[in-house]
Amino acid sequence: MMLGMTTFQPWWHPAAFARRKPFLDIRQRAMTALRGYFAREGFAEVETPALQTSPGGEVHLHAFATKWKGPRPGEARRLYLHTSPEFTMKKLLVAGVPRLYQFAHVFRNGERSSQHHPEFMMLEWYRANATTKDIMKDCEAMIRDAAEASGRKRFSANGVTCDPFREWERLGVAEAFEKYVGIDILATAPHPQLPELELLAPLAKRAGVHVGNGDTWDDLFFRIMGEKIEPYLGKDKPTFLCDYPISTAALARPNPKDPRLAERFELYMCGIELANAFGELTDAKEQKRRLAADMAAKQKLYGDSWPVDEDFIAALTFGMPASAGIALGVDRLIMLCAGASEIEDVLWAPVALEGGGL
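Notes on the structure follow. (Residues numbered from 1 in each chain as written. Predicted model: local features only at pLDDT ≥ 70, side-chain atom pairs only at ≥ 80, totals over all residues. Heavy atoms only, no water.)

### Some details on the overall build of the protein
And then number 1: Regarding its fold elements, the protein presents 9 helices and 15 strands.
And then number 2: Along the three orthogonal principal directions, the C-alpha set of the protein runs to about 65 × 60 × 50 Å.
And then number 3: Here the protein, with 358 residues, has 50% of them falling under the buried criterion.
And then number 4: Of the contacts made within the protein by residues no fewer than 6 positions apart, 68% connect residues no fewer than 24 positions apart.
And then number 5: With the model as given, the accessible surface of the protein reaches about 17,500 Å², and the carbon-plus-sulfur share is 54%.
And then number 6: Of note, the protein has its 44 positive side-chain charges centred 2 Å away from the centre of its 47 negative side-chain charges. (Helix = DSSP H or I, 4+ residues; strand = E, 2+ residues; numbered from the N terminus. Buried < 20%, exposed > 50% of the residue type's maximum accessible area, 1.4 Å probe, protein only. Contact = heavy atoms within 4.5 Å. Areas by Shrake-Rupley, 256 points an atom, 1.4 Å probe, with all protein chains shown as cover. Lys, Arg positive; Asp, Glu negative; His and termini not counted. Charge placed at Lys NZ, Arg CZ, Asp CG, Glu CD.)

In structure tokens form, the structure reads like this:
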């Protein structure tokens, strides 16, 4: 080997693994703390299938598709690896499990970066007869437990520090848009379910955000969020970003104080989105309408869609209790607990994409 050159080491090479082992030790301690919290709170740990007829409800997420071949000739069905265990966990709420959680491996196509991986671990939990305020309390307690188990008094990332032991911030989406970009975001949606691109586009341009041909209101909303707002969230202390416009939360119920808004929050630390929570929509007809509209939008944007989970709609029709739930990115939380800058540093093994063909 020439002087100064290095050789590539696969993730399983003992020397490469040794570099990551301290991060994985912290992963174990943090996950033990998280499970301990749910045990104290009387939650059932559940397991649901990754294979689903409908992998989720998000317009901009892409799923991995596969085919189930039955035992009889010609018996086959298109299935997907779930992007979230949400639909099935809500069916368990209907079945009579009032507090449940799951560490689920979930799958999202087209994603890979320092904070994204095609397969990652999601912690999802639900409380029957609860609101998002109850879920906020869960977040505060369990993340402090994880920080203590990891030996962390503060989290640091992106040159920003965040102290989870301080009082956590609650900030409305409309307030954040006004504070950071001077935009009245609700004024761009005079009809809350049908926000108007023509009203938001000039405001986005004025704020220095690119507006491209074919962009939708959603595109600009989330681009402004990503470029102008998210980097400031969770600075010094964690931020609950609350009360999203109703059109951006297909699975959430309306805010009882303002029907233009959804009972939804996202949790940020050090400018990193960690979790997404809903006061769950239980109206079966409205849920089906929203999911169908999202799949129509997905087909228009990407030329792809999947069926609405009719079994989920049937469960809602039977009757789901008023509930609140959340999905939290475990690997991102572990990155903060361990001080890691790459998601693959906190995974026992990454998805191997090198060395294969199409």
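Text resumes after the structure shown.
### Some points on unusual backbone geometry
One can expect most non-glycine residues to show negative phi and most peptide bonds to be in trans.
And then number 1: The backbone phi angle of aspartate 243 is positive, close to 60°, even though this residue is not glycine.
And then number 2: Considering the arrangement of structural elements, one finds aspartate 243 in the loop between strand 10 (239–242) and strand 11 (254–255).
And then number 3: Positive phi, normally seen in glycine, also occurs at cysteine 270, with a value near 55°.

### Some points on the nonpolar core
And then number 1: The biggest cluster of nonpolar side chains holds 48 residues, and the ones touching the most others in it are Leu123, Trp125, Cys139, Ile143, Phe265, Leu267 and Met269.
And then number 2: Apart from the residues within four sequence positions on either side, phenylalanine 265 is in contact with Thr132, Ile135, Met136, Cys139, Phe240, Leu241, Cys242, Tyr244, Ala275, Asn276, Ala277 and Ile326.
And then number 3: Core analysis: the next-biggest nonpolar cluster, separate from the first, contains 24 residues, Leu171, Leu200, Phe221 and Leu261 among them. (Core = buried A, V, L, I, M, F, W, Y, C linked by side-chain atoms within 4.5 Å.)

### Topic: the sheet that holds strand 10
Strand pairing within a sheet occurs via backbone hydrogen bonds; the two strands may be parallel or antiparallel.
And then number 1: Strand order across the open sheet formed by 8 strands is 1-5-6-15-14-13-10-9, with mixed pairing between neighbours. Only two strands of the sheet have a single neighbouring strand rather than two, namely strand 1 (44–45) and strand 9 (169–172).
And then number 2: In terms of strand pairing, strand 5 (residues 99–107) meets strand 6 (residues 119–128) through 9 bridges, oriented antiparallel. Looking at strand 6, one finds that phenylalanine 107 is bridged to glutamate 119.
And then number 3: Taken strand by strand, helix 3 (residues 132–150) contacts strand 6, strand 9, strand 10, strand 13 (264–269), strand 14 (272–279) and strand 15 (323–329), and its axis lies near 130° from that of strand 6. (Pairing = 2+ DSSP bridges. Axes fitted to C-alpha atoms, helices over the stretch in contact; angles between N-to-C directions.)

### Some thoughts on empty space enclosed by the protein
And then number 1: Tallying each qualifying case throughout the model produces 2 cavities of 30 Å³ or more.
And then number 2: Forming the walls of the largest cavity are Ile185, Leu186, Ala189, Pro192, Trp217, Pro245, Ile246 and Arg260.
And then number 3: Classifying every residue of the lining of the largest cavity by side-chain character gives 7 nonpolar, no polar and 1 charged.
And then number 4: In this model, the second largest cavity occupies a volume close to 40 Å³.
And then number 5: Forming the boundary of the second largest cavity are Gln52, Ser54, Pro55, His82, Ser84, Pro85, Glu86, Phe87, Thr88 and Asp309.
And then number 6: Of the residues forming the lining of the second largest cavity, the biggest block, 3 residues, is contributed by helix 2 (residues 86–95).
And then number 7: Looking at the lining of the second largest cavity residue by residue, the class counts come to 3 nonpolar, 5 polar and 2 charged. (1 Å grid on protein atoms, 1.4 Å probe; cavity = no way out; pocket = protein on both sides within 12 Å on 5 of 7 lines; lining within 4 Å. Points joined across faces, edges and corners; volume = space filled by probe spheres on them. Nonpolar A, V, L, I, M, F, W, Y, C, P; charged D, E, K, R; others polar.)

### Remarks on the pairing of strand 10
And then number 1: Taking every second residue as pointing to the same face, both faces of strand 10 are buried, with Thr239 and Leu241 on one and Phe240 and Cys242 on the other.
And then number 2: Taken together, the 4 bridges between strand 9 and strand 10 define a ladder with parallel strand orientation. Counted as the bridge partner of leucine 171 is leucine 241 from strand 10.
And then number 3: The sheet contact formed by strand 10 and strand 13 spans 4 bridges and is antiparallel. Within strand 13, the residue paired with phenylalanine 240 across the bridge is leucine 267.

### Quick notes on the pairing of strand 12 (residues 258–262)
And then number 1: Where strand 11 lies against strand 12, 2 bridges are found, and the strand directions are antiparallel. Across the sheet, the residue bridging to proline 254 is alanine 262, located in strand 12.
And then number 2: What sits between the antiparallel neighbours strand 11 and strand 12 is a turn of 2 residues.

### Considerations on the packing of helix 5 (residues 197–206) against helix 6 (residues 217–229)
And then number 1: In the contact formed by helix 5 and helix 6, the axes pass within 9 Å of each other and the chain directions differ by 30°. Pair helix 5 / helix 6 crosses with left-handed handedness. In this structure, helix 5 uses Leu197, Leu200, Ala201 and Ala204 to contact helix 6, whose residues at the interface are Trp217, Leu220, Phe221 and Ile224.
And then number 2: Across the contact of helix 5 with helix 6, the residue classes break down as 8 nonpolar, no polar and no charged. (Left-handed = near helix turned anticlockwise from the far one by under 90°.)

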